[in-house]
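The residues making up each chain are set out below.
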Amino acid sequence: MYLHSRVYAKMVAMIKIERSSRGALSPEAGAGRRARWAGTASHGRAATPPPGRRLRRTVLALLLVPPACLLLSALALLTWGPGGSLAFLIPVIAALAVWAALAWPLAARIRRELTALARQRDAFYEELLRLSRAASLGEVASSIAHDLNNPLAIMREEAGWIQDLMRGGDLQGAHTQAEIANALKQIDIQIERSREITQRLLQWGRDSAPQTESVDVNLLLNKTLYLLESELQAAGVRVVKELSPGLAQVRGGAPELRQVFLNLMKNALDAMRGQGGTMTLATRPERGGVRIEIRDTGPGIPAAAIEHIFEPFFTTKAANEGTGLGLPISRWIVEKVGGTLGVESREGAGASFHVTLPAGETLPDTGSGGR
Amino acid sequence: MEVGMTRPIRLLIVDDEQRLVETLSKRLTARGLYVEGVHSGPEALAVIQARPFDVALLDVRMPGMDGIAVLREAKKLQPLLQVIMLSGNASINAAVEGMRLGALEYLLKPANLDDVLAKIEEAFKKKRLEEEHLASQRQAGG
Ligand SMILES: Nc1ncnc2c1ncn2[C@@H]1O[C@H](COP(=O)(O)OP(=O)(O)O)[C@@H](O)[C@H]1O
Ligand SMILES: [Mg+2]
């Protein structure tokens, strides 16, 4: 991983905010964790009271009012007794009036708190996404540099071999001539190979520009796969594609969705690194959209870990190999466009991540390039 | 076993880039080394088990069995074999792991042949010293 330590510290600070707001909404979260959260020791609950706690207090207050009113009414009824005048209604009406007066601002406050929470969460993930994209660009760059160094090494040896032959003297011999021609041809082959590799980097840069609102899933999966091709090959991972043709375009930006696919494929790759296996990419139409599955034949995810894998910074990988950001960011990205991200896995039986994405509206937008 | 300074260095090149192995072999053979080349980890181990080598030039990233795994096994088969790792990227992890397992050097591709040759000769010298040391120990012991 190529995370700058300053960037990393920032991420760690952010997870604290995230965790405190999540902790407020689900009381059981944050208790009894065993696995490692990258870079965060369990010390230090956030010092400032999280907005979530205020929210809970408000909801509680609002819920307590109706029972209080009922109690008042019952008391009034008892005090005045049956057969009395309708005067016993006075406190009841008064209580309801008080409740209405309270409920209105309280409800507004709840709404405010909720949007504040949602906004905070969005800001958190936007920032994570930005950071992780920088990190994965670094990864892609490093992978490409690696891929480029092999053809460079070959070209250097071919050129060196020609020099060796020239130093040897006899340049006219048929054998020497053939050797030189062969070396030159090989240099050309390696140049072509290098060109394809640099093309990938250019592709990455191009797709990163903010752009269209709808995406061809199959195309994007193939492009993403291309980025990891040599790494998959080196890890002994076979790729099987079950891509259904004629799918609807889906909602979402290509750079974000590519990040999702890249994260899922990298996880599959990591899971099978060393022992090899098969990664399956499957797509098919589903009610109003597309379903994508990325399956692997790795070791799977233990039951104890599976409930945590979507939490930021949860990772079972070594410190310099995993950040625990891939899945939470991916889930946030697909949920933002109205999709879902889920997983099925059993220990020892591989993992299957599925993404659903709603079809993009075919807006008659700018008019240019309409398909 | 041959004696004297004239014995050629026995070098094994392990890299999944077949053309690299081929051309490096030609160039190093022309410089007086005895060179064998293989293209995968299992092939390398088979050859190392079959005959002795002085130095191995070992690629780190190979499909299936990677260079680190090969290094680990090779050292068990021939403890005196000197290993020079050759990698396409500067992975600190792989370098540290390689050194920990007894690799002598960690060179980056594309390496300069003169540098590679210098390292190979250095490795060979080191191996000769270790062999002599072992021999004298054995004499002293017996
Ligand atoms: N395909 C998979 N097979 C097994 N475990 C997985 C898989 N995908 C994710 N995981 C588990 O989920 C954890 C979190 O994944 P992620 O959020 O992508 O972070 P990271 O990959 O950086 O660890 C991983 O550390 C791993 O334990
Ligand atoms: Mg990941």
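It should be noted that the structure appears before, not after, this text.
Let us look at the structure shown here. This one's a predicted model, so the numbers in the text were calculated from it and none came from an experiment. (Residues numbered from 1 in each chain as written. Chains lettered and ligands numbered in written order. Predicted model: local features only at pLDDT ≥ 70, side-chain atom pairs only at ≥ 80, totals over all residues. Heavy atoms only, no water.)

1. Things to note about the pairing of strand 3 (residues 55-59) of chain B
Residues and elements named next belong to chain B. Going by this rule: Partly exposed residues are those whose accessible area sits between 20% and 50% of the maximum for their type, while under 20% is buried and over 50% is exposed, using a 1.4 Å probe and protein chains only. Only DSSP runs of H or I covering at least 4 residues are called helices, and only runs of E covering at least 2 are called strands; the numbering of each starts at the N terminus. Strand pairing is assigned whenever DSSP identifies at least 2 bridges connecting the two strands. Crossover handedness is defined by viewing with both strands directed away from the observer: a clockwise path from the first strand over the helix to the second marks the crossover as right-handed.
Taken across its 5 residues, strand 3 has 5 buried, putting it largely inside the fold. Of the two faces of strand 3, the one carrying Val-55, Leu-57 and Asp-59 and the one carrying Ala-56 and Leu-58 are both buried. Direction of pairing for strand 1 (residues 10-14) relative to strand 3: parallel, over a ladder of 4 bridges. Considered in strand 3, the bridge of Leu-11 is made with Val-55. This β-α-β element, strand 3 to helix 3 (residues 67-77) to strand 4 (residues 82-87), shows right-handed connectivity.

2. Remarks on helix 4 (residues 92-100) of chain B
All names here are of chain B. The line we're drawing: Taking the helix axis as origin, the arc is that swept by the directions to the C-beta atoms.
Here helix 4 has its buried residues at Ala-94, Ala-95 and Gly-98. Along the axis of helix 4, the buried positions cluster into a sector of 100°, meaning they face one direction only. Within helix 4, the exposed residues directed more than 90 degrees away from the buried face are Ile-92 and Arg-100. Backbone geometry just after helix 4 places Gly-102 at a positive phi near 100°.

3. Some words on the interface of chain A and chain B
Operational definition: Contacts are assigned to residue pairs with any non-hydrogen atoms lying within 4.5 Å of each other. Buried surface area refers to the total accessible area, computed with a probe of radius 1.4 Å, that the two partners give up upon joining, counted for both partners together. Counted as salt bridges are all cases of a side-chain nitrogen of Lys or Arg within 4 Å of a carboxyl oxygen of Asp or Glu.
Tallying the contact residues gives 27 residues for chain A and 21 residues for chain B. Across the chain A to chain B interface the summed buried area is about 2100 Å²; carbon plus sulfur atoms make up 47%. The largest per-residue losses of area from chain A upon contact with chain B belong to A:His146, A:Glu157 and A:Trp161, which jointly make up 28% of the total buried on that side. Our enumeration of links across chain A and chain B arrives at 7 salt bridges. Note that B:Arg27 is salt-bridged to A:Glu157, the shortest N-O span being 2.8 Å.

4. Side note on empty space enclosed by the protein
For the record, the criterion: Using protein atoms alone on a 1 Å grid, points that fit a 1.4 Å probe yet trap it form a cavity, whereas open point sets bounded by protein on both sides within 12 Å along at least five of seven lines form a pocket; residues with an atom within 4 Å of a point count as lining. Grid points are joined across faces, edges and corners, and a volume is the space filled by probe spheres set on the points.
Taken as a whole and judged by the stated rule, the model has 4 cavities of 30 Å³ or more. The computed volume of the largest cavity comes to approximately 70 Å³. Around the largest cavity sit A:Ala153, A:Arg156, A:Glu157, B:Leu20, B:Leu24, B:Leu57, B:Leu86, B:Lys109, B:Pro110, B:Ala111 and B:Val116, which together line it. Every element with two or more residues in the lining of the largest cavity is listed here: helix 3 (89-167) of chain A together with helix 1 (18-30) of chain B. Considering each element in turn, the lining of the largest cavity owes the most residues, 3 residues, to helix 3 of chain A.

5. What about the site of ligand 1?
Residue and element names in this part refer to chain A. To keep things clear, this is the line we draw: Here a residue counts as near a molecule or strand whenever at least one of its heavy atoms sits within 4 Å of it. Side-chain atoms alone can form a polar contact between residues adjacent in sequence; in general such a contact is a pair of N or O atoms within 3.5 Å, and within protein one must be able to donate a hydrogen while the other accepts it. Using a 1.4 Å probe, accessible areas were evaluated by the Shrake-Rupley method; residue-level cover was limited to the displayed protein chains.
Around ligand 1 sit 19 residues, and of these Asn-267, Asp-296, Thr-315, Thr-316 and Lys-317 come closest. A distance of 2.8 Å is found between an oxygen atom of ligand 1 and a side-chain nitrogen or oxygen belonging to Asn-267. Taking 540 Å² as the accessible area of ligand 1 by itself, protein coverage stands at 93%. Those elements that place two or more of their residues in the shell around ligand 1 are helix 6 (254-272), helix 8 (326-336) and strand 7 (351-358). With 3 residues, the top contributor of residues to the shell around ligand 1 is helix 8.

Any functional reading would require information beyond the geometric quantities listed.
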